[in-house]
Amino acid sequence: MVTANAKATVSTSTASPPAYTAALAIVTTLFFMWGSLTSLNDVLIPYAQHAFKLRLAASMLIQTAFFSAYFVFSIPSAKIIDWIGYKRAIIAGLLTMVVACLAFYPAAKIPSFPFFLVALIILATGITILQVAANPYVAVLGRPQTASSRLNLTQAFNSLGTFAFPWIGAHLILGTTTSTLAQSTSQQANGIIRLYVYFFALALFILAIGIGISKLPKIESAQHHIGERLSDSIWKHPNLVFGAIGIFVYVGGEVAIGSSIANYLALPNIGGFASDIADPAARYRAALAIAARYISLYWGGAMIGRFIGSALLQKIKPGKLLALAALMASLLVTISVLASGHVALWSILAVGLFNSIMFPCIFTMSIAELGPLTGDGSGILNTAIVGGAIIPWIVGKVGDWINRAYYPAMTQGETSWGQGIHHALILATICYLYILFFAVSGSKPNSERYTKN
């Protein structure tokens, strides 16, 4: 039996419709900014492989450092919301991101891989605060029936950032010619500084000021305060627990693919880039710069899918659409791993289209009927984003193991240019099959799960 206060509803009497529209526009801008910054990690990976002479698993520490912050700081972020509210928490997250972007200046100038990881952890901490505050804020900013559609729309602008900035980052950091990785580290470092310090630090600071002077609607029904006692518990909602695992494997699978695209497509039997270079190691290094630009297509598919999904979710139940997307993603990954050439290339890029609606649907179905516990539930779900730290590292480790087993003569220290990453991505299929289970069964809220016919 679900109590009346277990359902997160929002009274529109607290603010006029234009105020809600303005709030949605502001939060959409936040989604765009953190999507842009998150996607640049995929460009930093091939840069780090070259600049610091790293193998696959070691370079994946970029994602490990970044997404580990979600595990550490999501629950504290939920407590920050209880303490200072959604609006001030968003501002705190933005200012933390400004500090992180400024930290990229010494990291790139030294250059220092550990310093890069520290800057990424600080950046991820700020984004974690934004995620914990903004996702449930959008979900309850209107009718519960359209929560998935609304979150898909804002996530579409998140994908707009992930679509545009890998291409910009590849152009500024990796360059645009087949000789790009012969650039000096200082040239590539200047591209990093232009992006993070001169653009993002300033843009985020201006956005923080804008939000500070704006009047965002308060949503008391989805928030409780420090010291307030509740009769409900987040652990009494199985859809939240299953959803947290769903977020873990979804983010892990999505990031594992996105992080591997440059290395994956640079393989001669996949992308076939820079085929005029005879030496396989030199050809692979040259192909990386070309392959990195395809990252934008992967995230662009997610952007298009979210705009389409936002419309479809007005008429189709989130569970049904999520099940279809998970099934298609698992099939596409399997096809890509078993194929080569253009079939492998386009099937792995097409996964982005079906990734599109997964996070918004998993998130909104997981927090269904949490009521005042919505903020705490958001903290749990964002903690599960640590999947983006763990699963890509496992994929990289498996790729390295395959390379060592089947290519024992490989001595290239800058990158691992064997077929290991091609086969290791099959792990993403397992992730999508769990999401299929969540869509069909695990996502049922208590009102459906415990109602006897």
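Residues numbered from 1 in each chain as written. Predicted model: local features only at pLDDT ≥ 70, side-chain atom pairs only at ≥ 80, totals over all residues. Heavy atoms only, no water.

> Describe the overall build of the chain, and please don't skip the residues or the numbers.
Scanning the chain from terminus to terminus reveals 18 helices and zero strands. With 453 residues in all, the chain has 61% of them scored as buried. Long-range pairs, those at least 24 residues apart, make up 84% of the contacts in the chain between residues at least 6 apart in sequence. By element, 69% of the accessible surface of the chain is carried by carbon and sulfur atoms, the whole surface being about 17,300 Å². (Helix = DSSP H or I, 4+ residues; strand = E, 2+ residues; numbered from the N terminus. Buried < 20%, exposed > 50% of the residue type's maximum accessible area, 1.4 Å probe, protein only. Contact = heavy atoms within 4.5 Å. Areas by Shrake-Rupley, 256 points an atom, 1.4 Å probe, with all protein chains shown as cover.)

> How would you sum up the side chain of S77? Please name residues and give values.
As for its placement among the helices and strands, S77 is situated in helix α4 (residues 61–109). Discounting chain neighbours no more than four positions away, the residues touching S77 are T128, I129 and V132.

> Give me the lowdown on the nonpolar core, citing residues and values where you can.
One recurring pattern in soluble globular proteins is that nonpolar side chains are buried together. L44, L123, Y196, I257, L265, L322 and M358 are the most contacted members of the largest nonpolar core, which has 144 residues in total. Aside from chain neighbours lying at most four places away, what touches M358 is Y250, L322, A325, A326, A329, Y432 and I435. (Core = buried A, V, L, I, M, F, W, Y, C linked by side-chain atoms within 4.5 Å.)

> Please set out the packing of aromatic side chains residue by residue, giving values where relevant.
In total, this model carries 16 aromatic pairs according to the counting rule given. Arranged with centres 3.9 Å apart and planes meeting at 20 degrees, the rings of F104 and Y196 form a pair that is stacked. With a gap of 92 residues between them, F104 in helix α4 and Y196 in helix α7 (residues 185–213) connect regions that are remote in the sequence. Across the pair, exposure class does not vary: F104 and Y196 are buried alike. Ring plane angle 70 degrees and centroid distance 5.0 Å describe the contact between Y298 and W299, whose orientation is recorded as edge-to-face. For Y298, a relative accessible area of 1% gives the class buried. (Phe/Tyr/Trp six-rings, centres within 6.5 Å; stacked < 30°, edge-to-face > 60°.)

> I'd like to hear about the confidence of the model for the chain, residue by residue, with values.
The pLDDT averaged across the chain works out to 80; a share of 83% of its residues lies at or above 70. In this model residues 1–16 is a low-confidence stretch, pLDDT under 50, and it forms 28 contacts with partners more than four residues away in sequence or in other chains. Contacts of residues 221–227 to residues separated by more than four positions or lying in other chains number 23 contacts, the stretch itself having pLDDT below 50. (pLDDT = per-residue confidence, 0-100.)

> Which residues make up the packing of helix α13 (residues 358–366) against helix α17 (residues 427–442), and what values do they have?
Where α13 contacts α17, the two axes come as close as 11 Å, and the packing angle between them is 40 degrees. Relative to α17, the element α13 is oriented oblique. Taken as a pair, α13 and α17 cross one another with a handedness that is left-handed. Contacts between α13 and α17 involve M358, I362, M365 and S366 from the first element and Y432, I435 and F438 from the second. Looking at the contact of α13 with α17, its residues break down into six nonpolar, one polar and no charged. (Axes fitted to C-alpha atoms, helices over the stretch in contact; angles between N-to-C directions. Parallel < 35°, antiparallel > 145°, perpendicular 65-115°, else oblique. Left-handed = near helix turned anticlockwise from the far one by under 90°. Nonpolar A, V, L, I, M, F, W, Y, C, P; charged D, E, K, R; others polar.)

> Go over helix α10 (residues 295–312) with me, naming the residues and quoting the values.
Between its terminal C-alpha atoms α10 stretches 26 Å, which fits the 26 Å expected from 18 residues at 1.5 Å a residue. The complete set of buried residues in α10 reads I295, S296, Y298, W299, G300, G301, A302, M303, G305, R306, G309 and S310. (Expected span 1.5 Å × (residues − 1).)

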